[in-house]
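# Secondary and tertiary structure notes
Listed below, chain by chain, are the residues.
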Amino acid sequence: MSSVLVDTTVNGDPVQFACPTEEVLMDSLRDRVGLTGVKEGCGTGDCGACSITLDGQLVCSCLVLGIEANGRKIGTVEGMAEGNALHPLQEQFIEHAALQCGICTPGFLVAAKALLDDNASPSEEEIRFALAGNLCRCTGYDKIVRAVQAAAKQMRKKK
Amino acid sequence: MRYEAPTTTKEAVMLLAKEKGEAAVLAGGTDLLVRMKMGMSEPDLIVDIKQIPAMNALKYSATGTKIGAAVSGAMLAKNKAIKKAWPGVVEATNLIGSDQVQGRCTMVGNLCNASPAADGVPAMIAAGAKAVVVGKTKRRTVAVENIATGPGQTSLAKGEVIEAITLPKRPRNSGDAYLRFTPRTEMDIAVVSAGVNLTLVRGVVKTARVCLGAVAPTAVLVPDAAKAIIGTKLDADALANLAAACSSACNPIDDKRGTIEYRTKVAGVLGRRAAEIAFKRAGGA
Amino acid sequence: MAHDTSFTNQDFKVVGTRVNRPDGVDKVTGRAKYGADLSAPGQLVGLFLRSPHAHARITKIDTSRAEKLSGVKAIITSADLPDLTGGRQIDVLENCMARDRALYDGHAVAAVAAIDQQTAKKALKLIKVSYEILPHVTDVDEAMKTSAPVIKDNIFTSGVDPKPKKPSNVSKVSEFGHGDIEAGFKAADVIIEKSYKTEQTHQGYIEPHACLATVGPDGAGELWVTTQGHYTYRTVCAALLGMDIAKLKVTSSEIGGGFGGKTHVWVEPIALALSRKANRPVKVVMTRDEVFRATGPTCSTSMDIKIGAKKDGTITAASSVLRYQNGAFPATWAMLGAMTSWACYDLKNVHSIGYDVLCNRPKTAAYRAPSAPMAAFGVESTMDLVAAEIGMNPVDFRIKNAAKEGTRASYGPTYGPIGIGPTLEAAKNHPHMRAKLGKNQGRGMACGFWFNFGGQTCTDLNIGSDGTVNLAIGTVDVGGARASMSLIAAEELGIPYEQVKAHVADTSSLGHNDTTEGSRGTFSSGMATIFAARDAIEELRKRAAKMWGIPLEAVEWAEGEARAVGSEHGNLPALSLADIAKRAASTGGPIAGHNEVVADGAGVSFASHICDIEVDPETGGTKVIRYTVIQDAGKAIHPDYVEGQFQGGAAQGIGWALNEEYIYGDDGRLQNSGFLDYRIPVCSDLPFIDTKILEIPNPNHPYGVRGVGETSIVPPLAAIGNALSNAAGVRMDHVPMSPPRILKAIEEANG
């Protein structure tokens, strides 16, 4: 088994880990770096529970090799809060009861943040299509969409 | 498993050519990593092409358009000029998977994975796209419809890699469109799809190409469907003939995503609808 | 201490408010720990080898080469798993690990524990299994034929007289009903008879099963696991492994969805067995493919429904014949289907019969109101057909025949106050019914019913020295229970919600709690919490009396404080809970309340749904335009979470109605064991789901609570079927009503 040393930045902090070449980033983040906020729902890019940002681009971490993280910047749900101030999306998810079991929540938060960072006033349809890559089985998506709308409004006010 | 990230096409080709074991090209990885997870692929060597500048080319020009093999769907979507000239080609690639998948997947990866239902392919073929194939000793240009030879199979020889896709010069009053049928609004593999590209002269269809996906082992160019609308303003008869030609050209299978009967019928419907959209985009009325 | 469980119709201060859930911050920051999120030093990776055949005799398993592989620490086959339960749990054991036969594609035949994933994978490849392939059957109707391969030669149909001599795939026949069915049909002006089929679906929780198992040479062990019932898992695992219950500590992780699929053990006993053999912790995480192939989907069914009615809309007779496929192990799902078929209606003559059938598919498990959605599809679709035949509005037709207080239910008991009539009236008057419909759009509605359950429940309430309260509950929190229980404790004690912190205790810390299923969580743990709080209040009163030096009778508890009452002591300043707690050490020690109860008197929950759907007549493609859920909750402890249950159940029902199904090939193998081709709804597939909570109190719960978690999955199949009928003029009889099926129906209707 050949392991490669990876030098990367996760949520703004320098991180180093060693992983086999065939390991996917989702497993590296969970098992080597200990960030279990990244969830495996399917391992094949169909559910979005493992969503992260890679140099600011929203991706499924199960579809990226761990070694590809070398020299790149990774963003996970654990990096969304600023100190002990929750991100507006995190606040609104709690406020709107947009989570029940919560397993899909980290992935949704990362994906929703990527959406709002790109489009500050998305329509309902735009929100739904942007989040189509994140499966939820508990909520029927209703309160999730409302939470994203509320967060967008809150973020626009801040600006 | 070994991993290499060459910085020139030549390097990539040499690595692939001399590999004795199983070598795989890594662009977005949205097919390769899935195959690896499911135990269907265990490469001895992965050649990551994302560091190769020639494969990151993304340029529209009046004489032609170049889209490098490492260009992701997300990057392609941001190129306004290409989107304006070739909305069908771009929307097709942008339909692959989710936003997360779009952050990684590539047109060329989609093409080389050679699924009969590949979303990016019918619109590329309808557009007359060509693949720049680079081998150890030569470069050749291959029409995209000659790349896939069957499910999961391509005409590329060992040691050959596609460096980029080129789209031809775009005449005025041209339009293209891609439609697919999926049971859900997103995240599905196309059950059946159609790409139509056409150019109008004085409001009349002068040239056209119609290509179907997911109705045969590879995407199917349907010359009879194109003939049905050339010389017309897309009247009801012309569209009906196009739809019939599309259905006739189908050679689909029954599988977990659709039946022969269904694919054959809906191919005609989508061919017709895609033609109508392309016509409108070309300025037709 | 005996407690009065009757509904008291009180005004609430905090119950019914929309507070933030206590586990919210952990879940939005990624801190919450689920089944796969815990690791232990020295842990091994556990992987399973699974049968690629639908039905095969296992003639030999050779693990010798795998055992020699460096890094492999334990291998388990059925040879390591003698039945220690005297046959009582042999089905559970056999499903966890095949014995002499592999009974379905994906059935576990061996398991390994190794130092890492790569080694474990290599080890699996080195295990040689010799199979003798047997004929298989995967369709419920095919499995009932005498020509079908008999899956278990020790199953003789029960519920049949005289007892059969030959084994059968029909494990049980159940019948319910009353009156004279034949006379009833004779008296009908209109009779509609129709057959329906529904395909197999899976609960589709996003979190795969996962556990971390540790067993030592002293026979003590620990299991960290995602489950709906950690006590149940403890009981079952201890029995299968011959461990003492008290020595197996099971901790439930946060659960990433269950819906009934995490009420049975799948990999857990084997993980424990591996750990015991290797004497190291073993972590097992199922892949998505394994979840679909080898956990517990719900049944595929076929059924015949017959309704007779008079021209004035009175139903004179109703009968259902249901055939439910249970997978390779007998269960009683058809029985439940037979019980629920006609539960919404007041019927003089009614009959339902259910056949539970074995076939070569995974062992079925409960899926949210198990068995009810399928029967409701047939019944509610036929109701619309009858209404149309008579020329009566489908809602009015249902109102006319709706069950009410005093109705003898088709499955036996007499109803108390119930919500079916109110939900129908609310549906009739809902603005949804007046929304304009566009081209190719149609509207449909349907009703649904589910029982709720009570069961064994324990709760502990401990008051800290600063007056804040720890609440330990034993029912796993699947939808917000910690918030609801905190609201209830706060209500009883008269303190702010924020002063209570609820958590789900491990099995070593509380007595047995039944699994969170049957919509019993809020009902049962709520009841136990109420009584634990009242228990604590008794103790608080005693302490106040002691602190004041007055008799206990002169102390009452109100609004979070002890008050001295009466002319003699009434002028003493009140003592808050915090005041009393601060002095606990000198008044008798820590103050707590406790309750064990078999919660009884669970209510039943009814719903009416309305759906608008648009159909593309050229492709059979569908789009849900509008959806409304109206359901009786008895008392909504936390309205946000009740709405969430309504919306979630409806979404699952919509997916079931339109797209979800297990697809088997002729080889008996599952073809779509992933989220790509097992198509659950995505965000862009659904509109906002409107909800209306009705509250018809359950007279057998102090707050009137009824369970709400399950009923909402029951109406959607028929609501969509009825909407499709009105949108495209086709009556669908095969679920899922996928585009190819719809298009075919449209083309056949057009001739």
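See the structure printed just above.
Our subject in this report is the structure included herewith. (Residues numbered from 1 in each chain as written. Chains lettered and ligands numbered in written order. Predicted model: local features only at pLDDT ≥ 70, side-chain atom pairs only at ≥ 80, totals over all residues. Heavy atoms only, no water.)

### Some points on the sheet that holds strand 2 (residues 13-20) of chain A
Residue and element names in this part refer to chain A. Applied cut-off: For two strands to pair, DSSP has to find at least two bridges joining them. The way it works is that DSSP assigns letters per residue, a run of H or I at least four long becomes a helix, a run of E at least two long becomes a strand, and they are numbered from the N terminus. Every axis corresponds to a line fitted to the C-alpha atoms, with the helix fit spanning only the stretch in contact, and the corresponding angles, defined between N-to-C directions, vary from 0 to 180 degrees. Contact between two residues is taken to exist if any of their heavy atoms lie within 4.5 Å; hydrogens are not considered.
Pairing within the open sheet is mixed, and its 5 strands lie in the order 2-1-5-3-4. The open sheet terminates on both sides in strands that have one partner only, identified here as strand 2 and strand 4 (57-60). Here the strands of the sheet are splayed against their neighbours by 40° on average, with no regard to which way each runs. Examined bridge by bridge, strand 1 (residues 3-10) and strand 5 (residues 73-75) share 2 bridges and lie parallel to one another. Its bridge partner lying in strand 5, Val 10 is registered against Ile 74. Strand contacts of helix 1 (residues 25-32): strand 1, strand 2, strand 3 (51-54) and strand 5, with the helix running at about 110° to strand 2, the strand carrying the most contacts. Docked against the sheet, helix 3 (residues 105-118) engages strand 3 and strand 4, running at close to 40° with respect to strand 3.

### Notes on helix 8 (residues 120-127) of chain B
Residue and element names in this part refer to chain B. Selection rule: To sort residues, take the accessible area from a 1.4 Å probe on protein chains only and compare it with the maximum for the residue type: under 20% means buried, over 50% means exposed, and anything in between is partly exposed.
Counting buried positions along helix 8 gives 8 out of 8 residues, so the element sits mostly inside the fold. When helix 8 is considered as a whole, its buried residues turn out to be Gly 120, Val 121, Pro 122, Ala 123, Met 124, Ile 125, Ala 126 and Ala 127. At the exit of helix 8 stands Gly 128, carrying a positive phi of roughly 80°.

### Details of the sheet that holds strand 18 (residues 469-473) of chain C
Residue and element names in this part refer to chain C. Taken together, 4 strands build an open sheet; the order of strands is 19-18-17-23 and the sheet is mixed. Of all the strands in the sheet, just strand 19 (500-504) and strand 23 (591-599) have a single pairing partner and so form its edges. In this sheet, adjacent strand axes meet at a mean angle of 15° when their direction is disregarded. As defined by bridge partners, strand 17 (residues 455-463) adjoins strand 23 across 9 bridges and the pair is classed as antiparallel. Along strand 23, the bridge assignment pairs Gln 456 with Val 598. Along the sheet face, helix 15 (residues 521-548) touches strand 17, strand 18 and strand 23 and points at about 145° away from the line of strand 23.

### Here we look at the environment of Thr 251 of chain C
All names here are of chain C. Position of Thr 251 among the secondary structure elements: in strand 11 (residues 248-252). Its relative accessible area of 22% is what places Thr 251 among the partly exposed residues. In contact with Thr 251, not counting residues within four places along its chain, are Leu 223, Trp 224, Val 225 and Asp 506.

### Observations concerning the nonpolar core
The following threshold applies: What we call a nonpolar core is a set of buried Ala, Val, Leu, Ile, Met, Phe, Trp, Tyr and Cys residues that are connected through their side-chain atoms within 4.5 Å.
Ranked by internal contacts, the top residues of the largest apolar core, which has 203 residues, are Phe 93 of chain A together with Tyr 411, Tyr 415, Ile 613 and Ile 720 of chain C. The element that contributes the greatest number of residues to this core is helix 11 (residues 372-390) of chain C, accounting for 10 residues. When sequence neighbours within four positions are dropped, the list of residues in contact with Phe 93 of chain A reads Ala 98, Leu 99, Thr 105, Phe 108, Leu 109, Ile 144, Ala 147 and Val 148 of chain A together with Val 28 of chain C. Counting 50 residues, the second largest nonpolar core, distinct from the first, contains Ile 463, Leu 471, Ile 488 and Ile 637 of chain C.

### Topic: the interface of chain A and chain B
Put simply, the rule reads: Buried area, as used here, totals the accessible surface that two parts lose on assembly, with accessibility defined by a 1.4 Å probe and the loss added over both. Salt-bridge detection follows one rule: a side-chain nitrogen of Lys or Arg within 4 Å of a carboxyl oxygen of Asp or Glu. Contacts described as polar in this section are N or O atom pairs within 3.5 Å, which, within protein, must combine one atom able to donate a hydrogen with one able to accept it, while residues neighboring in sequence count only if both atoms come from side chains.
Every contact between the two is made by 29 residues of chain A and, on the other side, 26 residues of chain B. Summed over both partners, the interface of chain A with chain B comes to about 2000 Å²; 63% of that surface belongs to carbon and sulfur atoms. At the junction of chain A and chain B, the tally comes to 3 salt bridges. Lys 50 of chain B serves as the salt-bridge partner of Glu 68 of chain A, at 2.7 Å between the closest nitrogen and oxygen. In this structure, the connection of chain A to chain B is made through 7 residue pairs in polar contact (both at pLDDT 80 or more). Only strand 3, strand 4 and helix 4 (124-130) of chain A provide two or more residues apiece to the side of chain A that touches chain B. With 4 residues, strand 4 of chain A is the single largest residue contributor to the side of chain A that touches chain B.

### Some thoughts on unusual backbone geometry
All names here are of chain C. Residue Pro 162 is reached from Asp 161 by a cis peptide bond, and omega for that bond is 0°. By secondary structure assignment, the location of Pro 162 is in the loop between helix 5 (140-144) and strand 7 (170-178). At the junction of Val 735 and Pro 736, the peptide bond is cis and its omega measures out at 5° in the coordinates. Its place among the elements puts Pro 736 in the loop between strand 27 (734-735) and helix 21 (739-750). Of note in the backbone geometry, Ala 369 takes a positive phi value of approximately 55° without being a glycine.

### Remarks on the pairing of strand 20 (residues 555-558) of chain C
Relative to strand 21 (residues 561-564) of chain C, strand 20 of chain C is paired through 4 bridges, and the arrangement is antiparallel. The residue of strand 21 of chain C that forms the bridge with Val 555 of chain C is Ala 564 of chain C.

### Digging into the packing of helix 10 (residues 236-249) of chain B against helix 11 (residues 260-281) of chain B
Residues and elements named next belong to chain B. Our working definition: Roughly parallel covers angles under 35 degrees, roughly antiparallel covers those over 145, roughly perpendicular covers 65 to 115, and oblique covers all other angles. We call a crossing left-handed when the near helix sits turned anticlockwise from the far one by less than a right angle, and right-handed when that turn is clockwise. Classes in brief: Ala, Val, Leu, Ile, Met, Phe, Trp, Tyr, Cys and Pro nonpolar; Asp, Glu, Lys and Arg charged; the others, Gly included, polar.
Contact pair helix 10 / helix 11: the axes reach a minimum separation of 7 Å and the direction vectors enclose 140°. Taken together, the axes of helix 10 and helix 11 lie oblique to each other. In this structure, the crossing between helix 10 and helix 11 has a hand that is right-handed. Only Thr 264, Lys 265, Ala 267, Gly 268, Gly 271, Arg 272, Ala 275 and Glu 276 of helix 11 make contact with helix 10, whose side of the interface consists of Leu 239, Leu 242, Ala 243, Cys 246 and Ser 247. Partitioning the contact of helix 10 with helix 11 into residue classes produces 6 nonpolar, 4 polar and 3 charged.

### A word on the packing of helix 12 (residues 394-401) of chain C against helix 13 (residues 420-428) of chain C
Residues and elements named next belong to chain C. Viewed as axis vectors pointing N to C, helix 12 and helix 13 meet at an angle of 160°, and their least axial separation amounts to 10 Å. It follows that helix 12 is roughly antiparallel to helix 13 by the angle criterion. Crossing of helix 12 against helix 13: the hand is left-handed. Judged by residue contacts, Val 395, Asp 396, Arg 398 and Ile 399 of helix 12 engage Leu 424, Glu 425 and Lys 428 from helix 13.

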